[in-house]
Amino acid sequence: MADTVNGRAPRLKRNRLIAATWNKAEPMEQLLEELKIKLIDIMNLPELSPADIKTDARLVGGELGVDSIDVLEMVIMIKQDYGVVIDNKELGAKVFASLKTLAEYIKEKAPEPFN
């Protein structure tokens, strides 16, 4: 059995180890950096660093090769880590236009931090 599929580890073998540390009171730049790290983890692209990912670049179908399965994994991660639900295709198309639009949506919809 091959260890990779199209140069990437099979999806079911991946484990997300990156915990969410951002909260709504912190700057957008910190959320963008955290999302870049999570995207690299979800897509199993260890050869990339967060600096390699442009925040305004097209996310789905762009240079990173984000596909519908990656988007589904990101939707689950966003719900689990940030408490934000993306529950329809039209909204998802707008939110996943770029990493910046995704971060803006999370910042707008995330619940207030606990004190």
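In this text the structure is predicted, and so the values were computed from the model without any measurement.

Rules of the game
- Residues numbered from 1 in each chain as written.
- Predicted model: local features only at pLDDT ≥ 70, side-chain atom pairs only at ≥ 80, totals over all residues.
- Heavy atoms only, no water.
- Helix = DSSP H or I, 4+ residues; strand = E, 2+ residues; numbered from the N terminus.
- Buried < 20%, exposed > 50% of the residue type's maximum accessible area, 1.4 Å probe, protein only.
- Areas by Shrake-Rupley, 256 points an atom, 1.4 Å probe, with all protein chains shown as cover.
- Contact = heavy atoms within 4.5 Å.
- Expected span 1.5 Å × (residues − 1).
- 1 Å grid on protein atoms, 1.4 Å probe; cavity = no way out; pocket = protein on both sides within 12 Å on 5 of 7 lines; lining within 4 Å.
- Points joined across faces, edges and corners; volume = space filled by probe spheres on them.
- Nonpolar A, V, L, I, M, F, W, Y, C, P; charged D, E, K, R; others polar.

**Re the overall build of the protein chain**
Then, number 1: In terms of regular secondary structure, the protein chain is built from four helices and zero strands.
Then, number 2: Within the protein chain, the proportion of its 115 residues that are buried is 33%.
Then, number 3: Looking at the protein chain as shown, the accessible area adds up to about 7,200 Å², and 56% of this sits on carbon and sulfur atoms.

**Things to note about the environment of Thr21**
Then, number 1: Relative to the helices and strands, Thr21 resides in the segment before helix H1 (28-42).
Then, number 2: The class for Thr21 is exposed, based on a relative accessible area of 54%.
Then, number 3: Sequence spacing of Thr21 and Glu34 is 13 residues, and the spatial spacing of their C-alpha atoms is 7.8 Å.
Then, number 4: Those residues in contact with Thr21 that lie beyond four places of it in its chain are Glu26, Gln30 and Glu34.

**Regarding helix H2 (residues 68-82)**
The α-helix advances 3.6 residues per turn, and as a result positions three or four apart in sequence lie on the same side.
Then, number 1: Taking 1.5 Å per residue, 15 residues should reach 21 Å; H2 reaches 20 Å between its end C-alpha atoms and fits that length.
Then, number 2: Among the residues of H2, Asp70, Val71, Met74, Val75, Met77, Ile78 and Tyr82 are the ones counted as buried.
Then, number 3: As for H2, its buried residues are in contact with H1 and helix H4 (99-109).
Then, number 4: Downstream of H2 by a residue or two, Gly83 has a phi angle that is positive, lying close to 70 degrees.

**Considerations on the layout of surface pockets**
Then, number 1: There is about 210 Å³ of room inside the largest pocket.
Then, number 2: Around the largest pocket sit Arg58, Leu59, Val60, Val71, Val75, Ile86, Asn88, Lys89, Gly92, Ala93, Phe96 and Ala97, which together line it.
Then, number 3: Secondary-structure elements contributing two or more residues to the lining of the largest pocket are H2 and helix H3 (89-95).
Then, number 4: Looking at the lining of the largest pocket element by element, the count peaks at three residues for H3.
Then, number 5: Residues of the lining of the largest pocket, tallied by class, amount to eight nonpolar, two polar and two charged.

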